[in-house]
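Chain by chain, the residues run as shown.
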Amino acid sequence: MTATPDLSAPQLATPDLLRSAFRRHAAGVAVITARGADPVGFTATSLTSVSAEPPMVSFGIGTGASSWPAISAAEHVGVHILGEHQQELAATFARSGADRFGAPTRWFDGPEGVPVLEGVLAWMVCRIVARVPAGDHRVVLAEAVAGDPSGAGRPLLYHQGRFNALRD
């Protein structure tokens, strides 16, 4: 016999309910970059593997985000999987108004002119194939065209509103 959950006081679905529920969900941390007039980028915890054939990923971005105008026009994006040693890099790309590509951020122009971050666990340059409206966000579908999965280290996680390391 299973215990009956206490459903006596469910909350109505609101943005706060969604945020509260997802604070309990540990997620990997990525940085998405693109080339606009200047390089742009943002921290994402919504990165998902969609398909192996063709190799495709998805991520979400708010239409009010400072990076959205460049992402909305870009043909290619950079997808970077961060390591536990990169909490400050994740915080920089999450912070509004930060000089995300200034020192100490290390990066280079990668394939298709996409800004590629150095020292990450893995990176891919992806061709955007769709931008799907989803409320106040867009879900971006992108097919990998090049990359390097050979970075060393353990993944950076985001949980309970903080960046965390994976524990054994």
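Read on for an overview of the structure. Just so it is clear, the model here is predicted, and its values are computed rather than measured.

### Some words on the sheet that holds strand β5 (residues 56-62)
Within the open sheet, the 7 strands sit side by side as β3-β2-β6-β9-β10-β5-β4. Their pairing is antiparallel. Two strands lie at the open edges of the sheet, namely β3 (39-44) and β4 (48-51), each paired on one side alone. Direction aside, the axes of adjacent strands within the sheet are offset by 35° on average. Here β5 runs beside strand β10 (residues 137-148); their pairing, made up of 7 bridges, is antiparallel. The residue bridging Ser-58 from the neighbouring strand is Leu-141, located in β10.

### Concerning the sheet that holds strand β1 (residues 27-28)
The strand order β1-β11-β12 describes an open sheet built from 3 strands, whose pairing is antiparallel. Each edge of the sheet is formed by a strand with only one pairing partner; in this case those strands are β1 and β12 (162-165). Judged from the 4 bridges that link them, strand β11 (residues 156-159) and β12 form a sheet pairing that is antiparallel. Within β12, the residue paired with His-159 across the bridge is Arg-162. The strands that helix α3 (residues 87-94) touches are β11 and β12; relative to β12, the one it contacts most, it runs at about 155°.

Calculation notes
- Residues numbered from 1 in each chain as written.
- Predicted model: local features only at pLDDT ≥ 70, side-chain atom pairs only at ≥ 80, totals over all residues.
- Heavy atoms only, no water.
- Pairing = 2+ DSSP bridges.
- Helix = DSSP H or I, 4+ residues; strand = E, 2+ residues; numbered from the N terminus.
- Axes fitted to C-alpha atoms, helices over the stretch in contact; angles between N-to-C directions.
- Contact = heavy atoms within 4.5 Å.

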